[in-house]
Amino acid sequence: ERQGLQTQGSTQTSTANKPTGRPLLQNEQNHAKELYRRAQAGNSLAAEELKQAANEGNRWAALQYGHLAHTGKLPGRGGQLDIALAVRAYNLASKETDAQGRTVGMTGNYLAAYNLGLIYYYGAGGIKPNGAEARRWFQAAQIGFQGRSNVRSFWPALVYLAQIDERGYGVARNPKQAFAYWEQAARSRDGEALYGYAMAITTGQGGIQNPYRAYPL
């Protein structure tokens, strides 16, 4: 069941309290970004509208609202971070639901899943670092970004996945899988991904050791 966002001193928005007169916008992503920009500038009404849009199923609004809470940019909070609220918002953005509103997946918004991965990887706001939970969310981010394509790769998530499996951070070490993640991430030509891939080849991680192959990278 989709759980609506709540802030201190508020209750879940009901249909009876929805403001009227807001034009129906086809592009939810752009609408959420505009509300985020205004809320970040201190507009509390924009933040409230962003929260309502998130509760009504706009995943981009849930992502942006979560980011405001994550970074201490919610109006009226004096710059205070609210990681618990951010986690709820990111979960709301990530959920995929069926026609009956039941959760069927966690890859709805890949950026929200990625942000959850960061929270669990490093720990924040009373949430302890958890490599296994971080891995689950980074995988969801990669799957959500990839969609139906087998070619697209979200390299930031892949880099973290490679590091988690390489180190055995909260999970069993899996050098072979880490190498596969490094290789996939390196296709983006990102510097960190290329370096990790080159080091994996140099050290023979995953069963392949070839320094001459690594040098050009």
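Remember, it's a predicted structure, so these values are computed and weren't measured experimentally. (Residues numbered from 1 in each chain as written. Predicted model: local features only at pLDDT ≥ 70, side-chain atom pairs only at ≥ 80, totals over all residues. Heavy atoms only, no water.)

How do you make sense of the overall build of the protein chain when you look at a structure like this?
Counting its secondary structure elements, the protein chain contains 10 helices and 2 strands. Along the protein chain, helices (α) and strands (β) appear in the sequence α-α-α-α-β-β-α-α-α-α-α-α when read from the amino end. A burial count over the protein chain gives 41% of its 217 residues as buried. Here the analysis covers contacts within the protein chain between residues at least 6 apart in sequence; of these, 51% occur between residues at least 24 apart. Working note: accessible area of the protein chain is about 11,700 Å², and carbon and sulfur atoms make up 48% of it. (Helix = DSSP H or I, 4+ residues; strand = E, 2+ residues; numbered from the N terminus. Buried < 20%, exposed > 50% of the residue type's maximum accessible area, 1.4 Å probe, protein only. Contact = heavy atoms within 4.5 Å. Areas by Shrake-Rupley, 256 points an atom, 1.4 Å probe, with all protein chains shown as cover.)

Please clarify how the nonpolar core should be interpreted in this entry.
The tendency in soluble globular proteins is for nonpolar side chains to be buried as a group. Formed by 55 residues in total, the largest nonpolar core has its most connected members in Leu-50, Leu-74, Tyr-90, Tyr-114, Tyr-121 and Phe-138. If sequence neighbours within four positions are ignored, Phe-138 has contacts with Tyr-114, Gly-117, Leu-118, Tyr-121, Ala-157, Tyr-160, Leu-161 and Ile-164. (Core = buried A, V, L, I, M, F, W, Y, C linked by side-chain atoms within 4.5 Å.)

Just checking my understanding: could you explain the pattern of salt bridges for this structure?
For side chains of opposite charge, pairing can occur when their charged atoms come near one another. Evaluation of the coordinates by the stated rule reveals 5 salt bridges. In this structure, Lys-51 engages Glu-48 in a salt bridge whose closest nitrogen and oxygen atoms are separated by 3.1 Å. With a gap of 3 residues between them, Lys-51 and Glu-48 both fall in helix α2 (residues 44-55), about one helical turn apart. Judged by its relative accessible area of 41%, Glu-48 is partly exposed. Put simply, Glu-133 and Arg-136 hold a salt bridge, and the shortest N to O gap is 2.8 Å. Linking Glu-133 with Arg-136, this pair stays in helix α6 (residues 131-146), spanning 3 residues, or about one helical turn. For Arg-136, a relative accessible area of 40% puts it in the partly exposed group. (Salt bridge = Lys/Arg side-chain N within 4 Å of Asp/Glu carboxyl O.)

How should the packing of α2 against helix α3 (residues 59-71) be read in this particular structure?
When two helices pack together, their arrangement is captured by the angle between the axes and the distance separating the axes. Running from amino to carboxyl end, α2 crosses α3 at an angle of 135°, the nearest separation of the two axes being 8 Å. In terms of orientation, α2 and α3 fall into the oblique class. By crossing handedness, the relation of α2 to α3 is classed as left-handed. Taken together, the residues of α3 that come into contact with α2 (itself represented by Ala-47, Leu-50, Lys-51, Ala-53 and Ala-54) are Ala-61, Ala-62, Gln-64, Tyr-65 and Leu-68. (Axes fitted to C-alpha atoms, helices over the stretch in contact; angles between N-to-C directions. Parallel < 35°, antiparallel > 145°, perpendicular 65-115°, else oblique. Left-handed = near helix turned anticlockwise from the far one by under 90°.)

I tried to follow helix α8 (residues 175-186) on my own but got confused; where do I start?
Since one α-helical turn is 3.6 residues long, residues separated by three or four positions face the same way. Between its terminal C-alpha atoms α8 stretches 16 Å, which fits the 16 Å expected from 12 residues at 1.5 Å a residue. Turning to α8, its buried residues number three or more, namely Ala-178, Phe-179, Tyr-181, Trp-182, Gln-184, Ala-185 and Ala-186. Packing partners of the buried residues in α8 comprise α6, α7 (155-167) and α9 (191-203). (Expected span 1.5 Å × (residues − 1).)

How do you make sense of the packing of aromatic side chains when you look at a structure like this?
Each aromatic ring pair is summarised here by two numbers: the centre-to-centre distance and the angle between the ring planes. Under the definition given, this model contains 13 aromatic pairs. For the pair Phe-179 and Tyr-197, a centre-to-centre distance of 5.6 Å together with 50° between the ring planes defines the contact as tilted. With a gap of 18 residues between them, Phe-179 in helix α8 and Tyr-197 in helix α9 connect regions that are remote in the sequence. Residue Phe-179 is classed as buried on the basis of its relative accessible area of 6%. Clustering of aromatic rings is evident, with ring pairs tying together Tyr-110, Tyr-114, Tyr-121, Tyr-122, Phe-138, Phe-145, Phe-154, Tyr-160 and Tyr-169. Lying across the ring of Tyr-169, Arg-167 places its NZ or CZ 4.7 Å from the centre. (Phe/Tyr/Trp six-rings, centres within 6.5 Å; stacked < 30°, edge-to-face > 60°. Lys NZ or Arg CZ within 6 Å of the ring centre and 35° of its normal.)

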